[in-house]
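# Observations on the three-dimensional arrangement
Next come the chains, spelled out residue by residue.
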Amino acid sequence: MDKASLDAFELQDVLKWVDSFVLSRPSKKLSRDFADAVLLAEILKYEFPKLVELHNYAGCFAIKERMKNWDTLNQKVLRKLQINLKREEMEKLAK
């Protein structure tokens, strides 16, 4: 689901849910703040502490490094949760 498909109330609910976690940096704009996969890894660490090793994810700006984070998250965590992101999906998230 992308931001365009959320109405204002749904978006507020998502932002409130994200804010319920203590994260390494505040989330102001979801598409930008989650692009490097770090904040998602942190949230997943709360929910599945044995699956996520946060040292595998570094905050970054370059698309290549963001893709590395998404690929790592996809391989090490999401697949174990039966979520398999395609390369194109990870590229959209990273951008």
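Use the structure listed above.
A brief look at the structure comes next. What you are looking at is a predicted structure, and each value in this text was computed from that prediction instead of being measured.

Turning to the packing of helix α3 (residues 38-47) against helix α4 (residues 63-76), a few remarks are in order. Remark: α3 packs on α4, axes separated minimally by 10 Å, with the N-to-C direction vectors making an angle of 25°. On the basis of their axis angle, the class for α3 and α4 is roughly parallel. Once α3 is placed against α4, the crossing between them reads as left-handed. The residues of α4 that touch α3, namely those facing Val38, Leu40, Ala41 and Leu44, are Asn69, Trp70 and Leu73. Of the residues in the contact of α3 with α4, the class split is six nonpolar, one polar and no charged.

All right, on to the nonpolar core then. If you look at the biggest cluster of nonpolar residues, it comprises 14 residues, and the most contacted ones within it are Leu44, Val52, Tyr57, Trp70, Leu73 and Val77. Elements with a minimum of two residues in this core: α3, α4 and α5 (87-94). Ranked by size, the runner-up nonpolar core spans six residues in total, among them Val18, Leu23, Leu39 and Ile43.

Further remarks concern unusual backbone geometry. One non-glycine residue, Ala37, lies in the positive phi region at around 70°. If you trace the backbone, Ala37 turns up in the loop between α2 (30-33) and α3. The buried category is assigned to Ala37, whose relative accessible area is 0%. Not every positive phi belongs to a glycine, and Gln82 is a case in point at roughly 60°. Topologically, Gln82 is positioned in the loop between α4 and α5. For Gln82, a relative accessible area of 75% puts it in the exposed group.

Calculation rules
Residues numbered from 1 in each chain as written. Predicted model: local features only at pLDDT ≥ 70, side-chain atom pairs only at ≥ 80, totals over all residues. Heavy atoms only, no water. Axes fitted to C-alpha atoms, helices over the stretch in contact; angles between N-to-C directions. Helix = DSSP H or I, 4+ residues; strand = E, 2+ residues; numbered from the N terminus. Parallel < 35°, antiparallel > 145°, perpendicular 65-115°, else oblique. Left-handed = near helix turned anticlockwise from the far one by under 90°. Contact = heavy atoms within 4.5 Å. Nonpolar A, V, L, I, M, F, W, Y, C, P; charged D, E, K, R; others polar. Core = buried A, V, L, I, M, F, W, Y, C linked by side-chain atoms within 4.5 Å. Buried < 20%, exposed > 50% of the residue type's maximum accessible area, 1.4 Å probe, protein only.

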